[in-house]
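Residue strings, one per chain:
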Amino acid sequence: MQFSISQTTLDKVLPQRHKLLRPDHIGPDAPFEFKLTSADMSDISIHLIASATDRVIGILSAGPEPCPFRRCENSWRLRGFAVDRSMRRQGVGAALVGTMILKAHQQGASAVWGNPRVIGALHTYMHFGFEAVGEQYEIPPFGLHQNAIRHFTDDLLSSLSAIDVAA
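Please read these numbers as outputs of a predicted model, since none were measured by experiment. (Residues numbered from 1 in each chain as written. Predicted model: local features only at pLDDT ≥ 70, side-chain atom pairs only at ≥ 80, totals over all residues. Heavy atoms only, no water.)

Moving on to helix α3 (residues 92-106). The end-to-end C-alpha distance of α3, which contains 15 residues, comes to 21 Å, matching closely the 21 Å that a straight helix rising 1.5 Å per residue would cover. Within the span of α3, buried status applies to V92, G93, A95, L96, V97, G98, T99, M100, I101, L102, K103 and A104. A positive phi of about 100° marks G108, the residue just after α3. (Helix = DSSP H or I, 4+ residues; strand = E, 2+ residues; numbered from the N terminus. Expected span 1.5 Å × (residues − 1). Buried < 20%, exposed > 50% of the residue type's maximum accessible area, 1.4 Å probe, protein only.)

In structure tokens:
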């Protein structure tokens with residue numbers, strides 16, 4: 001499957017975040033609210049959209065935010081990571097995470113962290129060598145989550161060097 005990844009702005013990624021992360025909460029009465037963090041709103045935050053045939057199929061945002069569960073300098077938090085259910089397991093999530101890691105590194109990050117859903121994003125995080133930290137925990141009504149962190153290594157960055165981050 002052919003898809004492209006492009007950088008966008010927070011105001012353009014938020015509606016897609018709502019649509020892809022909360023598909024059962026769409027409709028005229030659905031609340032459109034997300035708890036935004038400094039990782040979403042920093043001047044150097046990065047917001048990515050994956051598209052195929054003029055349709056958004058994935059999103060990921062990240063920005064500088066101290067890691068609350070592991071001491072780490074220059075850490076960035078991954079936010080709003082989602083891939084359309086019909087497009088999962090086709091490399092979209094891996095391309096988003098890989099691109100984000102390279103772009104965050106270019107901005108001075110030395111690690112990225114997040115709290116992915118156990119069913120869904122955790123598999124992709126682990127594919128990139130994230131370390132699960134602590135016990136899994138419930139965030140009602142969204143399900144089980146797991147804290148995870150990935151420190152950047154030369155091996156990781158070298159393995160991602162083929163990704164085009166010009167977007």
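Now, onward.
Quick look at the sheet that holds strand β4 (residues 75-83) now. Strands sit in the order β1-β2-β3-β4-β5-β7-β6 across an open sheet of 7 strands; the sheet is mixed. Strand pairing shows two members of the sheet lacking a second neighbour, β1 (4-8) and β6 (131-139), which therefore form its edges. Recorded for the sheet is a direction-independent mean angle of 25° between the axes of neighbouring strands. Relative to strand β7 (residues 143-151), strand β5 (residues 111-114) is paired through 4 bridges, and the arrangement is antiparallel. Bridge pairing in β7 places W113 opposite I149. (Pairing = 2+ DSSP bridges. Axes fitted to C-alpha atoms, helices over the stretch in contact; angles between N-to-C directions.)

We now examine the environment of L157. Mapped onto the fold, L157 is located in helix α5 (residues 154-159). Judged by its relative accessible area of 15%, L157 falls in the buried class. Considered as a pair, L157 and I101 are 56 residues apart in the sequence and their alpha carbons are 8.1 Å apart. Apart from residues no more than four positions distant in its own chain, L157 is found in contact with I101, L102, H105 and F152. (Contact = heavy atoms within 4.5 Å.)

Moving on to unusual backbone geometry. Despite not being glycine, T53 has its phi angle at roughly 40°, a positive value. Among the secondary structure elements, T53 is positioned in the loop between β2 (46-52) and β3 (55-64). If you check the backbone angles, D54 has positive phi at about 60° while not being a glycine. Relative to the helices and strands, D54 resides in the loop between β2 and β3.

Nothing here speaks to function; it is geometry throughout.
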